Amino acid sequence: MTDEREPIRVGVLGARGRMGLEVCKAVDAADDLELVAMVDQGDWLFNASDAGAQVLVDFTTPDVVMDNLHWAVDQGISVVVGTSGFTNQRLDRVRSWLSHKPGVGVLIAPNFGLGAVLMMQFAARAARYFESVEIIEQHHPRKLDAPSGTAVHTAKLIGAARAEAGLGAMPDATKEETSGARGAEIEGVRIHSIRAAGLVAHQEVLFGTKGETLTIRHDSLDRASFMPGVLLAVRTIQSRPGLTLGLDALLD
Ligand SMILES: NC(=O)C1=CN([C@@H]2O[C@H](COP(=O)(O)OP(=O)(O)OC[C@H]3O[C@@H](n4cnc5c(N)ncnc54)[C@H](OP(=O)(O)O)[C@@H]3O)[C@@H](O)[C@H]2O)C=CC1
Ligand SMILES: O=C(O)C1=N[C@H](C(=O)O)C[C@H](O)C1
């Protein structure tokens, strides 16, 4: 039997970037998807709607992603977003745009790597059992934001799990500190950001309690690692109106 469904028409925003190029290749290679628009800095967003895009994939920059999203939701086009920089306030704004467009779906995922999603789930599970936890994230030096979206999301999950378990502040006697030496603090969790040539995207979550430590580590060694997650989201988003956060909901 042949599958006679029409391919999903996909537009990529940030199409000439590191992730955008990889997404264009992956969409192009998929029989059930059709790459209809490649939009980058300076291009007209209406190229995507004129080409009949049903789903947009955004891997741009934190300073332009909100305008892109607002425009897409207004046009009634569902969006898969990998771009980092989403605060709770930004998410509330997206929810409010979507409330006027009940048929439109937006999925925002801090990380599309399956291993990264599992790393965050495992870290959330371990959080209640350890006195101390710190996050060390490592990325390529062309990354614009620090800490990474993945690290911020992991810290939020850990902070929530610790609060639910009734854990207080972590032991830390630091009295004298050169600014930045103890990292950034998100939800009570310290994050240390390393940027070095040769890296892609890596994260360690280091837990400690009396007499033992536990390290959970994930490495994206190639941007191809994000593509199965991105394509799953592209194939699913039109049937998930409203805002979906993270890939977890699609995997389960
Ligand atoms: N969720 C996930 O799994 C992952 C998320 N990311 C995130 O994705 C984002 C992109 O990462 P990466 O590909 O490495 O970054 P790049 O800088 O390589 O790509 C961003 C691209 O967006 C372009 N751009 C800028 N403004 C616009 C605009 N208004 N409309 C369309 N395109 C625009 C840039 O053009 P120009 O260079 O000319 O400014 C560039 O080509 C980052 O926020 C990163 O953290 C990355 C990897 C995985
Ligand atoms: O900029 C990147 O490269 C990445 N950005 C995302 C983040 O900020 O967490 C996801 C992944 O870490 C790669």
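- The name given to the chain in an unreviewed UniProt entry is 4-hydroxy-tetrahydrodipicolinate reductase, with the source organism recorded as Couchioplanes caeruleus subsp. caeruleus.
- On record in UniProt, under Subcellular location (unreviewed entry), the comment for the chain is "Cytoplasm".

Some details on the overall build of the chain
- Looking only at helices and strands, the chain has eight helices and 11 strands in total.
- By the compact-globule yardstick of 18 Å for 252 residues, the chain fits well, its C-alpha radius of gyration being 19 Å.
- For the chain, buried positions account for 46% of its 252 residues.
- For the chain, the accessible area works out to roughly 13,100 Å², and carbon and sulfur atoms hold 51% of it.
- Here the chain contributes 24 positively and 32 negatively charged side chains, and the mean placements of these two sets differ by 4 Å.

Some words on the pairing of strand β1 (residues 8-13)
- Judged by how many residues are buried, β1 sits mostly within the fold: five of six residues are covered.
- Of the pairings in the sheet, the one linking β1 to strand β2 (residues 33-39) comprises six bridges and is parallel in character. Each residue of the ladder has a partner; that of Gly 11, found in β2, is Ala 37.
- The β-α-β motif built from β1, the intervening helix α1 (residues 18-29) and the parallel element β2 has right-handed crossover chirality.
- Both β1 and strand β3 (residues 55-58) contribute to a ladder of four bridges, which runs parallel. When the sheet's bridge partners are listed, Leu 13 is paired in β3 with Asp 58.

Overview of unusual backbone geometry
- Here the residue pair Ala 146 and Pro 147 is connected by a cis peptide bond, since its omega of 0 degrees sits within 30 degrees of zero.
- Here Pro 147 is to be found in the loop between β6 (132-139) and α6 (149-164).
- Even without a glycine there, the phi angle at Glu 187 is positive, about 50 degrees.
- Its place among the elements puts Glu 187 in the loop between β7 (184-186) and β8 (189-195).

A word on the sheet that holds β6
- Read across the open sheet, the five strands follow the order β7-β8-β6-β9-β10; overall the sheet is mixed. Of all strands in the sheet, those with a lone pairing partner are β7 and β10 (212-220), marking the two edges. Across the sheet, the mean angle from the axis of one strand to that of its neighbour is 20 degrees, orientation sign disregarded.
- Two elements, β7 and β8, share three bridges in a ladder whose sense is antiparallel. Across the sheet, residue Ala 184 finds its bridge partner in β8, namely Ile 191.
- Packed on one face of the sheet, helix α5 (residues 114-126) meets β9 (201-209) and β10 and runs near 160 degrees to β10.
- α6 contacts β6, β7, β8 and β9 of the sheet and is inclined by roughly 170 degrees relative to β6.

Quick notes on the rules
Residues numbered from 1 in each chain as written. Chains lettered and ligands numbered in written order. Predicted model: local features only at pLDDT ≥ 70, side-chain atom pairs only at ≥ 80, totals over all residues. Heavy atoms only, no water. UniProt positions renumbered as here; feature names shortened; annotations may be inferred. Helix = DSSP H or I, 4+ residues; strand = E, 2+ residues; numbered from the N terminus. Rg over C-alpha atoms; globule rule 2.2 N^0.38 Å. Buried < 20%, exposed > 50% of the residue type's maximum accessible area, 1.4 Å probe, protein only. Areas by Shrake-Rupley, 256 points an atom, 1.4 Å probe, with all protein chains shown as cover. Lys, Arg positive; Asp, Glu negative; His and termini not counted. Charge placed at Lys NZ, Arg CZ, Asp CG, Glu CD. Pairing = 2+ DSSP bridges. Right-handed = clockwise from strand over helix to strand, strands pointing away. Axes fitted to C-alpha atoms, helices over the stretch in contact; angles between N-to-C directions. Contact = heavy atoms within 4.5 Å.

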